[in-house]
Structure formats: structure tokens, C-alpha cells
Amino acid sequence: MAGRLSTSERLGADAFDTDTSPHLTLSDPALCRTCPDKPCIAVCPAEVYHWESDRLRISYESCLETGACRIACQSLGRGALVWAFPPAGKGVQYRLG
Ligand code: SF4
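Keep in mind that this is a model prediction, so the values were computed, not measured.

Definitions and cut-offs
- Residues numbered from 1 in each chain as written.
- Predicted model: local features only at pLDDT ≥ 70, side-chain atom pairs only at ≥ 80, totals over all residues.
- Heavy atoms only, no water.
- Near = heavy atom within 4 Å.
- Nonpolar A, V, L, I, M, F, W, Y, C, P; charged D, E, K, R; others polar.
- Phe/Tyr/Trp six-rings, centres within 6.5 Å; stacked < 30°, edge-to-face > 60°.
- Lys NZ or Arg CZ within 6 Å of the ring centre and 35° of its normal.
- Helix = DSSP H or I, 4+ residues; strand = E, 2+ residues; numbered from the N terminus.
- Buried < 20%, exposed > 50% of the residue type's maximum accessible area, 1.4 Å probe, protein only.
- Core = buried A, V, L, I, M, F, W, Y, C linked by side-chain atoms within 4.5 Å.
- Contact = heavy atoms within 4.5 Å.

Moving on: the site of the ligand. In the vicinity of the ligand, the residues found are L26, C32, C35, K38, P39, C40, L56, C73, R78, A80 and L81. The residue makeup of the shell around the ligand, split by class, is 9 nonpolar, no polar and 2 charged.

Here it is in C-alpha cells:
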């Protein structure tokens, strides 16, 4: 019998069918420059968000669709994030829960 899998091992089994259009966008990128803590970066388990060259880079391709960034941005950030699920059949496909 196999041992328990770690979270990383479980996530590593997931598959992604990436849409060509990002499902995570910003209503106004300038709002992110005034966002003091940028909580989206800290809460995302997939490390989708990165602050680079004075702008927020969003690697939507690896999104796990938890919605944590949406809540963090609305409650602790500046509300710039426009969050939506990918179109049906696109995005993450969980294999091991
Ligand atoms: S939390 Fe919202 S406003 Fe702040 S950096 Fe992230 S996306 Fe921008």
C-alpha cells in the first residue's frame, strides 16, 4: 500500500487545459501600485501573482481556481482583481482531490 501523498505530490498530478484568454485580469493596474500589502501574492497557493518592474504579473495558466486571491483583493487590497472561472472545460483538472 502506498503512503500518503503530500500536497505537492497531489497538486503535481493535476492537469491544465489553458484557455488562450486570461480569466484573471485587472480593472485598473494602477490600483495595484497603491496596494500596500499586495495580499494576492501571499494567499495564492499556486504562486500565480508576482510583482515585477512596478507591475503585477498574473500567470493565470497555473491557477487552481480557489478564489483566495479574489477575497484577499476585495477585503485587504484595492479591489483591482477581476476574477472569473475559465470557460467550461478549461483550467485546472484535479486528479487526486
Ligand atoms: S490584492 Fe488586488 S489590488 Fe492588491 S496587488 Fe493584488 S490584484 Fe492588485
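Let us look at the packing of aromatic side chains. Per the stated rule, a full pass over the model turns up 1 aromatic pair. Geometry around W51 places K38 over its ring, the cationic atom sitting 4.4 Å from the centre.

By the element assignment, F16 lies in strand β1 (residues 15-17). You can call F16 partly exposed: its relative accessible area is 37%.

Attention now moves to the nonpolar core. The biggest cluster of nonpolar side chains holds 15 residues, and the ones touching the most others in it are L24, V48, Y49, L56, I58, C69 and L81. Once residues lying within four places of it in the same chain are set aside, the contact partners of L56 are L26, C32, C40, I41, Y49, H50 and W51.

Honestly, it's all geometry; don't read function into it.
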